[in-house]
Amino acid sequence: MDLQNTVKEALNALYHHPDDAVRMQADRYLQDFQRTLDAWQVGDNLLHDPSSNLETLIFCSQTLRSKVQRDFEELPSTAFRPLRDSLNTLLKKFHKGPPKVRTQISIAVAALAVHVPAEDWGDGGIVKWLRDEMDSHPEYIPGFLELLTVLPEEVLNYKIAARPERRRQFEKELTSQMEVSLNILTACLSISELKEQVLEAFASWLRLKHGIPGSVLSSHPLVLTALSSLNSELLSEASVNVISELIHYTTAGDIDVSANMPLIQVIVPHVMNLKAQLSDSTKDEEDVKAIARLFADMGDSYVELIATGSDESMLIVHALLEVASHAEYDIASMTFNFWHSLQLNLTKRESYISYGNETCIEAERNRRLHVFRPAYESLVSLVIFRVQYPEDYQDLSYEDLKEFKQTKYAVADVLTDASSVLGGDATLKILYMKLLEAVSGHGNNEHKEWRPAEAALFCIRAISNYVSVVEAEVMPQIMALLPKLPHQPQLLQTVCLTIGAYSKWLDSASCGLSVLPSVLDILMNGMGTSEECAAAAALAFRHICDDCRKKLCGCLEGLFHIYNKTVNGEDSFKVPAEDSLHLVEALSMVVTELPPDDAKRALEALCIPVITPLQEAINQGPESLSKRPSRQLTVHIDRFAYIFRFVNHPQVVADAIQRLWPIFKAIFDIRAWDMRTMESLCRACKYAVS
């Protein structure tokens, strides 16, 4: 009794004492108490005690639940029956609540069932024991229903310290009793105030995804109740949960979908009848989200059936397009996984193996791609506005900006799926029309609305790998349009990244050479606008020099002008030191394309802005050199590493390293203690030797 009073006092202090230190001490005591052997008896006694307040009941029910889950092996083997009987008494006591207490007691009983083999509960295990209890005490059905709901959920509750073999056995026990549990739930349907609880319990049992054939479920009273309650204000959420689980149930495991066609044919028409509610402005957003979830579940689960392109499947596709068009991203994005799965189904050869020879396979593949073409064209137009910067983008928090970036990446994935079906060139035409809409009628006004143009360009960049390098209809017009766009930082950053993404097109296109000067001008502007812009421009510069290196051999003077301004850190350029390595790499790749004599002169020019600061540091004497921060040296040494790595002229590099060796040796001698500088210098020497 003393211990019970101590626990009560600690709880009172935890919830009501004004001193933080006292509350923390009480919290530590209670946590330690929950790990003791005495917690079993004390928790049980206080739950049975009529004088226990709500705080005590909640704490003790949580304690008893966690003890059964984690510490059941503390008890002797004879403790099962008295523990079960006590929990059963408590379940009856709290059958009308408080709900938190009733739920904890229910989970404790379910956890007990995981630990203890079915035969210990009597013939048929816990489900039949529960049925007998409900038959004997119908007045306590609400409490027993909650237990029936949590039972299947505990199959995958790994907080329960049961051995894997016992856990698998428990799942088999429940699966074998699925028909009994559904009969119990069907009987409870007659009590109208319990319908919602019955449907939630049904959804819980369906998650086991075993036991009842689809042909039986298709006419089962529980299924018919869930379907007929989809439009009910009170029961719609529970009904949606049931239908969602039924959809997953029909495609679970190794069962052939055709075996569940009777159930599918019952579900689909009922869900399709909800389509009008997707665009009903009077509907609550949570209700619309629930309906959208059903369509998304249908799309994900039946994608192979939908991919056949039948008239019925196209009705589902049109409904999913409507979901994708919803203003709320959380709702629209529910369909993204479907578009990806459908794309794979339409484009992968494995989907058509059953059609036999190559001619039939190709014919069927072309037919399906033609059928789904309009849907993917609509999808491209629908998702563009998702990547548009919000008007208040400058006030967004770090988390909101991170979420916006994730949205952009998700939309980029959808666009690549569309490009796989439509072809990159066809997708590009749609996006180009959106870009034209965004820039038309504004002239070259710096203050015009830049966000739609940035969104269209982001999308154009996203599909760059799917656009043909010989595309000659749209890309020349896009490249001609880029210099006319305003130099707004976010827009200019996306312009630079788009240029880099189409570097291979610039190399292959007949107009590529004439476009390059204007492209390089844009990148120079980018390097002087902001750090983010400069980083994007430096990356694009590297891509262009990599792919267009032969074309750029005649533009060395202009390239070195950009390179020198960047490496020398001129104020007008804002390229961070790490990103300047992109320019070092870029020029090194162009130098590789030159004949040896020209390459030698170019390499010297490449090294001058890098070697000068190192030489100055050495000239100031050993004491000054030894005191310099590592970063002041490694930023230049790392540039040498890139030069030696990417200039592929062995003799030219050998001559350069010979000239540079005295500088390297001086740093080796004076900074031998500096691991960071030594690592950087050794890396440069490694690439030189390679």
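Quantities reported herein were computed from a predicted structural model and do not represent experimental measurements.

Draft legend 1. Spotlight on the pattern of salt bridges. Counted by the stated rule, this structure contains 36 salt bridges. One salt bridge connects Lys8 with Asp49, and the closest N-O pair in it is separated by 3.5 Å. One end of the pair, Lys8, is in helix α1 (residues 2–16); the other, Asp49, is in the loop between α3 (38–48) and α4 (54–71), and 41 residues separate them in sequence. Judged by relative accessible area, which is 26%, Lys8 ranks as partly exposed. Notably, a salt bridge pairs Arg102 with Glu146, separated by 2.7 Å at the nearest N-O pair. Here Arg102, found in helix α6 (residues 99–115), pairs with Glu146, found in helix α8 (residues 141–153); they are 44 residues apart in sequence, far enough to count as distant.

Draft legend 2. Quick peek at the packing of helix α13 (residues 221–228) against helix α14 (residues 236–250). Across the interface, α13 lies against α14 with an axial gap of 8 Å and an inter-helix angle of 125°. With respect to α14, the element α13 is oriented oblique. Taken as a pair, α13 and α14 cross one another with a handedness that is left-handed. Facing Val223, Ala226 and Leu227 of α13, the residues of α14 in contact are Ser239, Val242, Ile243 and Leu246. Considered class by class, the residues forming the contact of α13 with α14 number six nonpolar, one polar and no charged.

Draft legend 3. Representation of helix α23 (residues 424–439). Taking 1.5 Å per residue as the helical rise, α23 with its 16 residues ought to reach 22 Å, and the 22 Å between its terminal C-alpha atoms agrees with that figure. Inspection of α23 places Gly424, Thr427, Leu428, Ile430, Leu431, Tyr432, Leu435, Ala438 and Val439 among the buried residues, and these make up the whole buried set. Lining the buried residues of α23 we find α21 (358–383), α22 (398–422), α24 (451–462) and α25 (475–481).

Draft legend 4. A look at a negative patch on the surface. A cluster of acidic side chains, namely Glu196, Glu237, Asp284, Glu285, Glu286, Glu328, Asp330, Asp392, Asp395, Glu399, Asp400 and Glu403, defines a negative patch on the protein surface. Sorting the residues of the negative patch by element identifies α16 (285–301) and α22 as the ones contributing at least two each. Ranked by the residues each element gives to the negative patch, the list is headed by α22, at three residues. We classify Glu285 as partly exposed; its relative accessible area is 36%.

Draft legend 5. Seen up close, helix α29 (residues 531–547). With 17 residues, α29 extends 24 Å from end C-alpha to end C-alpha; this agrees with the ideal 24 Å at 1.5 Å per step. The complete set of buried residues in α29 reads Cys533, Ala534, Ala536, Ala537, Ala538, Ala540, Phe541, Ile544, Cys545 and Asp547. Summarising the contacts, the buried residues of α29 are in contact with α26 (489–501), α27 (503–508), α28 (512–527), α30 (549–552), α31 (556–567) and α32 (577–592).

Draft legend 6. Examining the packing of aromatic side chains more closely. Applying the stated criterion across every chain yields a total of 18 aromatic pairs. When the ring of Tyr352 is compared with that of Tyr355, the centres are 6.5 Å apart and the planes differ by 50°; the resulting orientation is tilted. Residue Tyr352 is classed as buried on the basis of its relative accessible area of 0%. Geometrically, the ring pair formed by Trp661 and Phe668 is tilted, given 6.1 Å between the ring centres and 45° between the ring planes. Judged by its relative accessible area of 38%, Trp661 falls in the partly exposed class. Against the face of Phe458 rests Lys408, its NZ or CZ located 4.6 Å from the ring centre. Sitting over the ring of Tyr687, Lys686 keeps its end group 4.8 Å from the ring centre.

Draft legend 7. Broad picture of the nonpolar core. Among the nonpolar cores identified, the biggest contains 239 residues, and Ile243, Trp339, Phe541, Ile643 and Phe644 are the most heavily contacted of them. In this view, Phe541 contacts Leu520, Leu523, Met527, Leu559, Ile562, Leu583, Ala586 and Leu587; residues no more than four positions away in its chain are not counted.

Draft legend 8. Molecular detail of the environment of Glu9. Along the chain, Glu9 turns up in helix α1. Looking at Glu9, the relative accessible area reads 55%, which means it is exposed. In sequence terms Glu9 and Arg81 are 72 residues apart; their C-alpha atoms lie 31 Å from each other.

Draft legend 9. Representation of the environment of Thr251. Positionally, Thr251 belongs in the loop between α14 and α15 (261–272). For Thr251, a relative accessible area of 24% corresponds to the partly exposed category. In this structure Thr251 touches Val257, Ser301 and Tyr302, once residues within four positions along its chain are discounted.

Draft legend 10. Focus on the confidence of the model for the chain. Per-residue confidence for the chain gives a mean pLDDT of 87, with 97% of residues at or over 70. The low-confidence segment residues 443–447, where pLDDT is below 50, has five contacts with residues more than four positions distant or belonging to other chains.

Draft legend 11. Highlighting the packing of helix α35 (residues 630–646) against helix α36 (residues 650–670). α36 packs onto α35 with a crossing angle of 160° between their chain directions and a minimal axis gap of 12 Å. Viewed along their axes, α35 and α36 adopt a mutual orientation that is roughly antiparallel. Read as a crossing pair, α35 and α36 show a hand that is left-handed. Packed against α35, whose contacting residues are Ile637, Phe640 and Phe644, the element α36 presents Val653, Ile657, Leu660, Phe664 and Ile667 at the interface. Here the contact of α35 with α36 is composed, by residue class, of eight nonpolar, no polar and no charged.

Parameters at a glance
- Counting restarts for each chain, with residues numbered from 1 along the sequence as it is written.
- Note on the predicted model: pLDDT of at least 70 is required for a residue's local features to be given, and 80 or more for side-chain atom pairs to be given and counted; whole-chain, interface and lining totals, by contrast, use all residues.
- Think of the side-chain values as coming from all heavy atoms in the structure, minus any hydrogens and water.
- Within this document, salt bridges are pairs made up of a side-chain nitrogen of Lys or Arg and a carboxyl oxygen of Asp or Glu, the two lying within 4 Å of each other.
- Helix numbers and strand numbers start at the N terminus; a helix is a DSSP run of H or I with at least 4 residues, a strand a run of E with at least 2.
- Between buried and exposed lies partly exposed: a residue is buried under 20% and exposed over 50% of the maximum accessible area for its type, with that area taken using a 1.4 Å probe on protein chains only.
- In this description, a line fitted to the C-alpha atoms serves as the axis of each element, helices being fitted only across the stretch in contact, and the angle between N-to-C directions of two axes falls anywhere from 0 to 180 degrees.
- Convention used here: angles under 35 degrees read as roughly parallel, angles over 145 as roughly antiparallel, angles from 65 to 115 as roughly perpendicular, and any remaining angle as oblique.
- Crossing handedness is defined as follows: a turn of the near helix away from the far one that is anticlockwise and smaller than a right angle gives a left-handed crossing, while the clockwise case is right-handed.
- Should any heavy atoms of two residues lie within 4.5 Å, those residues are considered in contact.
- Charged residues are taken to be Asp, Glu, Lys and Arg, nonpolar residues to be Ala, Val, Leu, Ile, Met, Phe, Trp, Tyr, Cys and Pro, and polar residues to be all remaining types, Gly included.
- Take the residue count of a helix, subtract one, and multiply by 1.5 Å to get its expected span.
- Patch membership is restricted to residues that have no salt bridge and whose relative accessible area is over 30%. Joining uses 9 Å for like charges and 5 Å for the nonpolar side chains Val, Leu, Ile, Met, Phe, Trp and Tyr.
- In these tables, accessible area is a Shrake-Rupley quantity obtained with a 1.4 Å probe, and a residue counts as shielded only by the protein chains included in the view.
- Charged-residue counts in this description rest on Lys and Arg as positive and Asp and Glu as negative, His and the chain ends being excluded.
- The atom standing in for a charge is NZ when the residue is Lys, CZ when it is Arg, CG when it is Asp and CD when it is Glu.
- Stacked, tilted and edge-to-face are the three classes applied to pairs of Phe, Tyr and Trp rings, where Trp contributes its six-membered ring and a pair requires centres within 6.5 Å; stacked means planes under 30 degrees apart, edge-to-face means over 60, and tilted covers the rest.
- Either the NZ atom of lysine or the CZ atom of arginine qualifies as a charge over a ring when it sits within 6 Å of the ring centre and within 35 degrees of the ring normal.
- What is meant by a nonpolar core is a set of buried Ala, Val, Leu, Ile, Met, Phe, Trp, Tyr and Cys residues, joined one to another through side-chain atoms within 4.5 Å.
- Confidence scores here are pLDDT values: one per residue, from the predictor, ranging 0 to 100.

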